[in-house]
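# Structural features, examined
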Amino acid sequence: MAERGWDSILLYGNAWRKDPFRSLVNINFSGDHALARLSRSGEISVTFSDPWDAEVACAALQPDFVKAFSPGASAIAGLEFMEERFVAACGSLPVSATADVEELRRVKTAEEIEFIKQACDLADRGYQRFVEVAEPGMREFELVAEVEAFLKTNGAEDNFMLIASGGTEVVGMKPPTERKFKQGDSVTTELTPQVNGYYAQICRTLVLGEPSREQLKAFDIFSEAQCAAQDLIKPGITAADAARAQNDIFRKHGYGDYTGAKYTRVRGHCLGLYPDETPHILEDIDYVLKQGMVVIVHPNTYLPLSGYMVFGDTLLITESGNTRLNKTEKKLFTK
Amino acid sequence: MKRGLITWDKAELPPSVFEARLARARAALTEHDLPALLVYSDVWRSTEGRHLTNYMPYWNRSLIVIPREQPPVLLCGLSPRVYPWIKSVTIFEEIRPASKLVPTLLQLCAERGWTQLGVLDLPRLPHEVFLPLGASNVEAYDVKLDLTDDAELAMQRRAAEMAREILTVELPKGVGLTDYQFSGLLELACRRAGAEDLVLLFGTNDSAPRPARGVMLGDKYSVAVALEYRGHWARVTQSLPL
């Protein structure tokens with residue numbers, strides 16, 4: 001704040017993007033809005049829009065949340081997500097502190113890393129549950145219900161989860177449908193439980209029955225690509241390097257066309273208080289990775305061999321390389 | 001993130017319901033002499049867009065554009081790979097990729113010759129959408145709509161019934177469990193029954209209801225279940241002893 005000449009900043013969170021607020025005040029609020037005010041001298045005040053949140057946190061309540069904002073704050077983290085009526089209440093157009101706060105959040109503290117390790121452990125156990133209960137005849141949403149129940153039973157606050165099932169016709173993941181699993185299906189998932197505010201992720205593919213030659217061949221490519229990035233990641237390399245390492249494997253095998261936006265989204269991303277933190281792992285992102293950052297590398301994409309396939313682990317960047325935080329076996333799961 | 005069952009049962013919500021809702025929106029546009037209505041939608045702010053089109057951005061954000069005299073258009077932050085699924089659960093026939101929402105919107109306005117837009121609840125537009133829209137050559141006007149109709153109320157009633165029925169059966173099972181464990185029971189029952197999303201809060205020892213945090217529930221507790229059924233939320237709170 002001193003560097004920027006800011007006397008005070010606001011950190012805003014809403015029900016979708018709680019992360020700017022929780023980066024200062026790690027309270028899992030259940031109402032619509034929360035706001036923290038931090039002065040340069042370190043004083044913090046907190047306001048909630050929901051009376052239950054305010055009572056639990058012994059904090060100020062402001063049901064008419066426009067009144068929580070007033071002219072005077074130097075900058076706001078989460079400004080971009082704020083409703084315009086809140087921004088207008090701040091007086092002259094406020095400065096965004098979002099990028100600065102996100103940069104501070106990228107390198108995790110020891111306590112944050114501990115929470116992410118707990119989330120990784122839960123992701124591993126959640127995936128184990130996923131494999132245990134998935135079977136032909138079950139519907140996608142029923143499997144998600146089982147996994148969600150397991151994660152909540154074991155302390156997850158939330159969970160970001162996508163799923164898909166089928167064969168070469170599957171081009172991406174989405175929320176679960178009523179589709180029933182069939183023998184031979186690839187069942188893919190991104191599982192991302194949240195513990196004490198922090199997300200960790202695992203991506204795996206399960207084949208129901210004996211995998212086909214094409215599914216095995218596809219998985220070998222995904223595994224080689226993910227390992228190439230994991231072997232490379234250390235402080236000083238860029239997000240682009242990590243993406244290129246994965247995409248080059250697909251190119252080597254003749255599948256370079258499937259590394260672009262038509263068939264995939266990103267080759268990974270950072271993790272923390274939001275499940276899809278920046279920088280994304282993409283060939284045009286030159287952000288230099290640092291010790292203490294937590295990333296997932298996942299070469300998830302569509303291939304004509306197998307349909308959409310996923311494979312990825314959460315990595316903690318260490319002084320000289322990285323540590324894989326997931327313990328789940330790196331293989332194509334079959335059942 | 002929505003990870004429950006997002007679907008469109010046309011027997012439950014016939015296309016005619018959405019046609020009537022769009023007709024109301026278009027009547028408001030006619031009243032204000034505006035060519036199109038903009039509706040912002042994200043994973044949390046989905047109610048208005050869902051009411052008009054059955055669209056739910058399970059992740060990411062979108063803009064819904066309802067022209068006065070043409071079919072609605074979805075400007076979608078999600079990948080085109082999921083457009084077939086989106087089309088299967090919404091009224092949309094035209095979906096445009098929009099990793100940058102406002103530039104895509106302005107392109108659409110330019111194509112159609114629109115210099116004005118109605119915006120549903122303009123003061124609640126996120127700043128990052130409001131700012132570039134305000135700086136453009138398209139004038140935005142606040143439009144209010146009454147989003148209540150019989151179909152909406154019937155769906156909310158169904159959501160409330162589902163929450164109440166499940167809570168009545170499950171509530172006594174929380175005795176001797178932690179709030180985490182009881183959350184698991186409720187998640188399983190509600191999501192198996194087709195709940196799209198769920199927010200569970202637990203009250204013990206006269207405290208305000210709060211998210212689970214690993215405490216024992218004892219034999220006297222309350223549970224507030226906010227349940228979303230096919231885009232329609234209801235909150236039911238029950239206490240033990242009943």
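For clarity, every value in this text was computed on a predicted model and none was experimentally measured.

With that settled, the discussion passes to the domain arrangement of chain A. All names here are of chain A. Along its sequence, chain A is carved into domain 1 (8–106) and domain 2 (110–334). Computed over C-alpha atoms only, the centres of domain 1 and domain 2 are separated by 32 Å. Across the domain 1/domain 2 interface, buried area totals approximately 1000 Å², and carbon plus sulfur atoms make up 41% of it. Counting the surface domain 1 buries against domain 2, the share from its top three residues, Arg22, Arg105 and Arg106, is 53%. Where domain 1 touches domain 2, the interface holds three salt bridges. Elements represented by at least two residues in the side of domain 1 that touches domain 2 include exactly helix H1 (19–22) and helix H4 (98–106). Among the elements that line the side of domain 1 that touches domain 2, the one with the most residues is H4, at four residues. For the side of domain 1 that touches domain 2, the residue count by class is one nonpolar, three polar and seven charged.

If you look at the interface, chain B gives 46 residues, while chain A gives 50 residues. Considering only the side of chain B, the residues that lose the most area to chain A are Arg3, Trp44 and Arg81 of chain B, jointly responsible for 21% of the buried surface there. Where chain B touches chain A, the interface holds five salt bridges. Applying the counting rule to chain B against chain A returns 13 residue pairs in polar contact (both at pLDDT 80 or more). The element that contributes the greatest number of residues to the side of chain B that touches chain A is helix H7 (residues 179–192) of chain B, accounting for eight residues. Per-class residue counts for the side of chain B that touches chain A are 23 nonpolar, nine polar and 14 charged.

What follows concerns the nonpolar core. Core analysis: the largest hydrophobic core is formed by 144 residues, its most contacted members being Leu143 of chain A together with Ile86 and Leu227 of chain B. The contacts of Ile86 of chain B, once residues within four sequence positions are left out, are Tyr55, Leu74, Cys76, Leu78 and Ile95 of chain B. Trp6, Ala34, Ala36 and Ala77 of chain A belong to the second largest nonpolar core, which has 16 residues in total.

This part takes up the environment of Gly236 of chain A. Residue and element names in this part refer to chain A. Note that Gly236 resides in the loop between helix H7 (213–232) and helix H8 (239–252). By relative accessible area, which is 48% here, Gly236 ends up partly exposed. Between the C-alpha atoms of Gly236 and Arg179, which are 57 residues apart in sequence, the distance is 45 Å. If sequence neighbours within four positions are ignored, Gly236 has contacts with Val288 and Leu289.

In this section: the packing of aromatic side chains. Under the counting rule described, the total for this entry stands at 24 aromatic pairs over all chains. Centre to centre, the rings of Tyr12 of chain A and Phe69 of chain A are 6.3 Å apart; their planes meet at 50 degrees, and the pair counts as tilted. Here Tyr12 of chain A is found in strand S1 (residues 8–14), whereas its partner Phe69 of chain A is found in the loop between strand S4 (60–61) and strand S5 (75–77), with 57 residues between them in sequence. Here the two residues Tyr12 of chain A and Phe69 of chain A agree in accessibility, since each one is buried. Taking NZ or CZ as reference, Lys331 of chain A lies 4.8 Å from the ring centre of Phe333 of chain A, over its face. Residue placement shows Arg21 of chain B over the ring face of Phe18 of chain B; its charged tip is 5.4 Å from the ring centre.

A few words now on unusual backbone geometry. Of note, the bond from Thr278 of chain A into Pro279 of chain A is cis; its omega dihedral lies within 30 degrees of zero at 5 degrees. Of the consecutive residues Leu240 of chain B and Pro241 of chain B, the connecting peptide bond is found in the cis state with omega at 0 degrees. Position of Pro241 of chain B relative to the elements: it lies in the segment after strand S9 (232–240). Notably, Cys58 of chain A is not glycine yet its phi reads approximately 50 degrees, a positive angle. Looking at the element boundaries, Cys58 of chain A is found in the loop between helix H2 (51–57) and S4.

Now for the domain arrangement of chain B. Residues and elements named next belong to chain B. Domain parsing of chain B yields domain 1 (15–143) and domain 2 (150–240). Between the C-alpha centres of domain 1 and domain 2 there is a distance of 33 Å. Counting residues at the interface gives six residues for domain 1, matched by six residues for domain 2. Taken together, the two surfaces of domain 1 and domain 2 that pack against each other cover about 460 Å², and 40% of this comes from carbon and sulfur. Three residues, Arg21, Thr47 and Arg50, lead the burial of domain 1 against domain 2; their summed loss comes to 66% of the area buried on that side. The interface formed by domain 1 and domain 2 contains two salt bridges. Close ionic contact of Glu152 with Arg21 constitutes a salt bridge, the shortest N to O distance being 3.5 Å. Linking domain 1 with domain 2 are three residue pairs in polar contact (both at pLDDT 80 or more), by the criterion used here. The set of elements that each furnish at least two residues to the side of domain 1 that touches domain 2 consists of helix H1 (15–32) and helix H2 (47–53).

Conventions we followed
- Residues numbered from 1 in each chain as written.
- Chains lettered and ligands numbered in written order.
- Predicted model: local features only at pLDDT ≥ 70, side-chain atom pairs only at ≥ 80, totals over all residues.
- Heavy atoms only, no water.
- Domains from an automatic or database assignment.
- Buried area = accessible area lost by both parts, 1.4 Å probe.
- Salt bridge = Lys/Arg side-chain N within 4 Å of Asp/Glu carboxyl O.
- Helix = DSSP H or I, 4+ residues; strand = E, 2+ residues; numbered from the N terminus.
- Nonpolar A, V, L, I, M, F, W, Y, C, P; charged D, E, K, R; others polar.
- Contact = heavy atoms within 4.5 Å.
- Polar contact = N/O pair within 3.5 Å; in protein donor to acceptor, adjacent residues only side chain to side chain.
- Core = buried A, V, L, I, M, F, W, Y, C linked by side-chain atoms within 4.5 Å.
- Buried < 20%, exposed > 50% of the residue type's maximum accessible area, 1.4 Å probe, protein only.
- Phe/Tyr/Trp six-rings, centres within 6.5 Å; stacked < 30°, edge-to-face > 60°.
- Lys NZ or Arg CZ within 6 Å of the ring centre and 35° of its normal.

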